[in-house]
Amino acid sequence: MQRGLTLITPIAGDWQALMTLLRERGDALQAGWQNNAPYALDAAERLHFLSLFVIEPGAGCPALLVLEGSFDGRCRNPLTDESDRDQFINELVIANAPLLREVYAFCINYPQNATDQQVREYLKIWKHDNQLFYVGCPGLTTGRIAEDAQIAADVEASVRNLNRPIMGRRAQIVREIFQGLPRASRDLVVNTPDRPFWVRHPLYEQPLQTLYWYAKWPLAIVGWAVLLLVLAEAWSPGSLPECITPAQSVLAATWNWFAFFLVVAGVLTLFWLLIWCGEFPQYLTPRMTRYVIATKLEEYVRTSIRALPSFGAVLGLLALAHWQWMRLWDFFFSALAFLLLVLVVTAIVWYVRLLRIGLREPADRVFDLRWDTNRLAAVREREDRLAQSHIISVTTIRLGVLRWVTLRCVLFAIHWLARILYNPLGLFSTQSIHFARWTIVRGGRLLFISNYDGGFGGYLGVFATLGAAGVSAIWTNTEGFPRGFLLFGDGARDEQPFKARARNSQVESVFWYRRYPHLSVAAIERNAAIRMELARFSSKAFQVPEADFDVFLRRFATTTP
Amino acid sequence: MLAWLKMIGWVYFAGIFFFSMRRPRFLRVAMGFFRRVWPIFRSPFAGFAGATYLVTRADDTQEVLRRARDFLLGPVNEKKILTGDFIIALDPERRYVTEKANASRALPPNRILALEGIVDRAAQQWLPAQIDGAYNVTLYVERITVAIVRDFWGLSPDGARSEVVVAEQGFETMRLWLRKLAIVLASMEPAPLGIREVGLQCSEEFLSFVRAECAVHPQNNQDMIAHILRESGSNMDETVRSIAGLTMTGAAVVTKAFSQAFDQLLNFPEALDAAIAASAEEAQLRAAGNIPEARRRRMDVGRLLVEALRFNPVFPVIPRYCVRNTTLARGTERETEITAGANVIVSPLGAMFDPEAVIDPERFGFARNIQLNPRTATVPDWDYGSRSDATPGDYVLFGGGEHWCMGEQMAICEMASMGVALLNRLCEPALRGGPRRRPYRADQLRYDNSAAESLLVGAR
């Protein structure tokens, strides 16, 4: 899973000189992309995006140098006990120590003539937590993205090599495409790693199936544990410790449930037999009759045996319900009471919040903003280059604990909801964000950084429409944002003032590194889907529903039969 | 536990399926109910059995059948046609186009006349000289279809021998092979109750028999095996698959269609009288040597049987597989998004009783404009049915759209010829010079799974 690194360091020297230096380095990097020139940071294999920029000094706050990077996560190193971020800082220093030395020489307490080790130690001091870190393509590492792109290109080539007009059964076409891939690509397809479980089992898209997937094994284990206790007590009464000994009433209830299930299964089987006898194929030789009967009975017995584990689990859960029904009721009522309490407290806080906001923030005017045309021109100069863009925004959080707490809560909620309710269409259904982060920095400021596809206008336009509720919930807690209503309402829906506000808060993206500048989120997901679908088809010997093949082939519009 | 319930539930569903398919009146009421209340009905058991839609209006049914690239027949049939893919298990693509063109070209231009002759000869052979007591009409039809397989398709049943079905070697074995394979085709997938197991064994025997026959078949014969061999460039695989598939579906459709049509005809005395009169006239005209006029009477019988078949069609429901997300009945109040992978069941029975398509549908229409297939209507052999005005036919007896049955004219011709011979024999006076008799149903139509098994008819 990808992670974010944010280093925020106060600048001791001339921050404008630092800006100039970063701008020069950034321009050189951008010029290289046009020719696909390699760059030193390519050596940091886990790195997706990295940027270095300066936040200008504010009231009582020095200028800040920010380094933000998005990289592929690893486990903690057991030998050095280094955290993942520390390991990544080491890799960054190995990849491009000269740049870091040059840049951090402007910063506070930076050791003169620092060795690599000192640079590492220095950087680790300034690690900063992100309140919200969003990953657009979870589980797709830099290596995987490159592999997927290569496989997708090979598949395209394989499609072009098919005989035209391309017509035939979809399964045959896809099999032919798979077999037409180079050996290396086929091996990669067969060994496609899984994506994180919340991507494979999206609660947002398939709530019931996903909940079942989550609950299946815990329920089965609990059910069987209880059933074993019941069986042990029935087999040898008094042999279990008292605390886990089910009462006799539980044993009786379990037996009753068992009998009930047996009767239901018996009745169902009886009707099954009656239908079968009534519709049994006629005019068969005795040998064939025996064969049909044996086949069907074998199927019945095999399926019944396979049903036993889940049957046992259900029986165990029913026994648990009988055994602990008082506690279960208590738990249920406690949970209900807790929920009510939370609702009441939330309502009170909300009401107080509304009152305070009404008193403190009577009128905000976005159109009072003053434009620095030179700065805007510099900002816009670095936009719309290749597939992706970079936006940095710094806004001031409104005064008061209430706003601060609200903002923290909203960021915390979105951070986790974006995972729990993973939406394949992206955060706020934008499907253009590679990585985004919201960080509260010194001086009561909210820093927002995003690596996204397309242009500023389109991106903010989607925020103002599809993602208006979430965006408003975050930024209505900052100054100058269009006025919201009950946290989620209005705000960003007022599109032009929202865009003006965003533009005004923008910080110049002076140095920005990206590993795959030509790939959008949609392209990355498409490539990944091509690989995963091929892997699934081949693992099932191309015996999958026709609609799945159709979806695959329609990714290559010209080949659709 | 879910798998166990699914196994049991599938057999229950099969029981309900067979029960309802054999009760056309019940089905008509049910389809009428759905047509009025939920013209495009989505099954609430989507999570358990996959998304399924039932379409009952005539216009929606025609739309589904016409859009053969969105609503596929291939995935539905490929596992049910155990003798291998042939035209009706393929979707509009290269192999489908080639094989359908080969089969179409292989059909001889004089096929309707040839089939009339074959049926007449077989009827003379199998009908008793005098029908006393109950006579099994279904068995009579099955035997004639085997005679067609022998004389028209060129597949001699003489060497047919089976270890699966109990039947005499030859003719009877072939009859039961065809029936068992047709049962799988007209069942659900996967076929329950041992139907699939029996079908698989029969298909092995039948295929090896067809393969052996095709391998030694003289290519200069004037039958379908020789024609297809020639048209396909001696492609043995295609010939075997096509012959096995076409004979099986052809025999199954005609047997069931005639049994059900004749059964329905017995419910309408006026229609039965008309059919008896037309048959008698046909025999008189033929005896007098007026063949063109005799054939016209035979066509009248065919039209009566087709109208009777509307009340209990061979395919009361036809399944299709929706291969991509699409919209059905766009721009109407019924507009529905159909998801990719959904099963779409269209109901020809519902469509043919849709008052917006067929006026006064509950009435037996003697002069309805039976435009079955406007595409084949322009060919010279449009003998049975009405001249087309190029509008889609209101009758959905033989499928529709791209997969419209290419042998529908042949099927109606066979049914008409069988009907004429049977009615004339049934109505012959018991004594020379005595009053003509009238057929009656001695026992209801019985089924062997999804195939017709017996319809006992007497005369008095």
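About the criteria used
Residues numbered from 1 in each chain as written. Chains lettered and ligands numbered in written order. Predicted model: local features only at pLDDT ≥ 70, side-chain atom pairs only at ≥ 80, totals over all residues. Helix = DSSP H or I, 4+ residues; strand = E, 2+ residues; numbered from the N terminus. Rg over C-alpha atoms; globule rule 2.2 N^0.38 Å. Buried ≥ 20, exposed ≤ 12 C-beta atoms within 10 Å, placed from the backbone. Pairing = 2+ DSSP bridges. Axes fitted to C-alpha atoms, helices over the stretch in contact; angles between N-to-C directions. pLDDT = per-residue confidence, 0-100. Contact = placed C-beta atoms within 7 Å. Parallel < 35°, antiparallel > 145°, perpendicular 65-115°, else oblique. Left-handed = near helix turned anticlockwise from the far one by under 90°.

1. Remarks on the overall build of chain B
At step 1: Summing up its helical and strand segments, chain B has 16 helices and ten strands in all.
At step 2: In terms of C-alpha radius of gyration, chain B reaches 22 Å, essentially the compact-globule figure of 23 Å for 460 residues.
At step 3: Structurally, chain B occupies a C-alpha span of about 65 × 55 × 45 Å along its principal axes.
At step 4: Across the 460 residues that make up chain B, the buried fraction comes to 50%.

2. Thoughts on the sheet that holds strand S4 (residues 132–135) of chain A
All names here are of chain A.
At step 1: Ordered in space as S4-S6-S7-S5, the four strands form an open sheet in which the pairing is antiparallel. The outermost strands of the open sheet, each flanked by one partner alone, are S4 and strand S5 (388–396). Within the sheet, the average angular offset between the axes of one strand and its neighbour, ignoring direction, is 10°.
At step 2: Sheet topology places strand S6 (residues 433–441) next to strand S7 (residues 445–453); eight bridges connect them, and they run antiparallel. Each bridged residue has a counterpart across the sheet, and for Val-441 the counterpart in S7 is Arg-445.

3. Looking at unusual backbone geometry
Residue and element names in this part refer to chain A.
At step 1: Backbone geometry at Asn-113 places phi at a positive 50°, although glycine is not the residue there.
At step 2: With a phi angle near 55°, Ala-541 is a residue other than glycine that sits in the positive phi range.
At step 3: Along the polypeptide, Ala-541 turns up in the loop between helix H17 (521–539) and helix H18 (546–553).

4. A short note on the confidence of the model for chain B
All names here are of chain B.
At step 1: Mean pLDDT over chain B stands at 84; residues scoring 70 or higher make up 92%.
At step 2: Low pLDDT, under 50, characterises residues 376–381; the predicted model gives this stretch nine contacts beyond four residues in sequence or across chains.
At step 3: Under a pLDDT of 50 for its full length, residues 388–392 has, in the predicted model, eight contacts with residues more than four places off or in other chains.
At step 4: For this predicted complex, the interface confidence score (ipTM) comes to 0.83, while the overall pTM stands at 0.76.

5. Examining the interface of chain B and chain A
A common measure of how large an interface is: the accessible area buried when the components associate.
At step 1: Between chain B and chain A, the contact holds 33 residues from the first and 35 residues from the second.
At step 2: Of all elements in the fold, only helix H1 (2–21), helix H6 (94–106) and helix H10 (195–215) of chain B reach the threshold of two or more residues within the side of chain B that touches chain A.
At step 3: Take the side of chain B that touches chain A: its biggest share by element is eight residues, from H1(B).

6. What to know about the packing of helix H9 (residues 171–185) of chain B against H10(B)
All names here are of chain B.
At step 1: Viewed as axis vectors pointing N to C, H9 and H10 meet at an angle of 135°, and their least axial separation amounts to 9 Å. For the element pair H9 / H10, the angle class is oblique. Once H9 is placed against H10, the crossing between them reads as left-handed. On H10, the residues touching Trp-177, Lys-180, Leu-181, Ile-183 and Val-184 of H9 are Ile-195, Arg-196, Val-198, Gly-199, Cys-202, Ser-203, Glu-205 and Phe-206.

7. Comments concerning the sheet that holds strand S10 (residues 451–459) of chain B
Residue and element names in this part refer to chain B.
At step 1: Taken in spatial order, the three strands of this open sheet run S4-S10-S9, and their pairing is antiparallel. Each edge of the sheet is formed by a strand with only one pairing partner; in this case those strands are strand S4 (135–136) and strand S9 (439–448).
At step 2: Two elements, S9 and S10, share seven bridges in a ladder whose sense is antiparallel. Note on S10: the bridge partner recorded for Arg-441 is Val-457.
At step 3: The sheet strands contacting helix H12 (residues 236–265) are S9 and S10, and the helix crosses S10 at an angle near 40°.

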